[in-house]
Amino acid sequence: MFFILSKLVVYFLSPLFWVITFFIIGRLLKRQRLKRISYGISIFIFLIFSNPFLLNQFARWWDVKETNLPPGKTYSCAIVLGGFASEDYNGDGYFNSTSDRFIQLIKLRAEGKVSRLLISGGNSKLLPTAFRESDWVALQLKDFNIPDSNILIENQSRNSFENALFSQKLLDSARLKPPYILVTSAFHMRRALSTYKKMGVDVIPFPCNFIAGKGKTDIGDFIPSLGTFGTWYYYIKEVVGSAVYTITKK
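What this report covers is the structure whose coordinates are included nearby.

Thresholds, definitions, all that
- Residues numbered from 1 in each chain as written.
- Predicted model: local features only at pLDDT ≥ 70, side-chain atom pairs only at ≥ 80, totals over all residues.
- Heavy atoms only, no water.
- Core = buried A, V, L, I, M, F, W, Y, C linked by side-chain atoms within 4.5 Å.
- Buried < 20%, exposed > 50% of the residue type's maximum accessible area, 1.4 Å probe, protein only.
- Helix = DSSP H or I, 4+ residues; strand = E, 2+ residues; numbered from the N terminus.
- Contact = heavy atoms within 4.5 Å.
- Pairing = 2+ DSSP bridges.
- Axes fitted to C-alpha atoms, helices over the stretch in contact; angles between N-to-C directions.

### Considerations on the nonpolar core
Alright, step 1. Of all hydrophobic cores here, the largest spans 23 residues; its most connected members are Leu108, Leu117, Ile119, Val137, Leu141 and Ile181.
Alright, step 2. Listed by contribution, the elements that provide at least two residues to this core are strand S1 (75-81), helix H5 (100-110), strand S4 (114-120), helix H6 (133-141), strand S6 (180-185) and strand S7 (203-208).
Alright, step 3. Here the element with the most residues in this core is H5; it accounts for 4 residues.
Alright, step 4. Excluding residues within four positions of it along the chain, Leu117 makes contact with Cys77, Ala78, Leu105, Arg109, Leu141, Ile146, Asn150, Ile151 and Leu152.

### Topic: the sheet that holds S4
Alright, step 1. Taken in spatial order, the 5 strands line up as S5-S4-S1-S6-S7 in an open sheet, and their pairing is parallel. The strands lining the two open edges of the sheet, one partner per strand, are strand S5 (151-154) and S7. Averaged over all pairs of adjacent strands, the angle between strand axes in this sheet comes to 25 degrees, irrespective of strand direction.
Alright, step 2. Contacts from H6 reach S4 and S5, with the element oriented near 160 degrees to S5.
Alright, step 3. Along the sheet face, helix H8 (residues 186-198) touches S1, S4, S6 and S7 and points at about 140 degrees away from the line of S6.

### Considerations on the environment of Lys73
Alright, step 1. Structurally, Lys73 can be placed in the loop between helix H4 (52-62) and S1.
Alright, step 2. Separated by 41 residues in the primary sequence, Lys73 and Val114 place their C-alpha atoms 8.5 Å from one another.
Alright, step 3. Each residue touching Lys73, except ones within four places of it in the same chain, is listed here: Gly112 and Lys113.

Structural data, given as structure tokens:
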């Protein structure tokens, strides 16, 4: 039930949804004062969440900072969280906009910083198909000549809580020595890190896929951008998810 509710709630977190909602409410209201208030709220939300500068400032505060691993040290395992591969209309997989998680995983392995790779991710759809992200990713790893014996597959998780729960069981059964390297997008790392720590898994954050807050500020950052709405959606989802996990201790 928790999983279903979490999936349904996220559809109402988009700032663009609220811009449109308050505009429609304004159109339907009869009293002019209430109309102006509703339109004003719609315009206010639009101006705030279409502003790249404000987004970048929030991202710089929220994102977990990049990690510099000590040279010459090799960790037993790197855990990469799913969400960077999606299912296409043929039921096959493809890399999506967060595929930097995969790139950084390959780099960690190529640079000798980790011995094994744990791919954590099943199918997070409300109506799941047979597609399992980690199974598909494991096939892609074969192109980099990584032995099957060095790959751990966790293909049942649907969210961050289950990522941590099932990863812990897999790591325990493999008897790999902590700490482990945790690889996920910078905007997601705060919630992921908290979840793994609550589960008692000793991890070192290795954030990647920085989608905001990394560039220098210029005049273009003060010009409203519709694309900024989509990025804000990721962050709002993370803030709400972190709050829910804190309250429910999950």
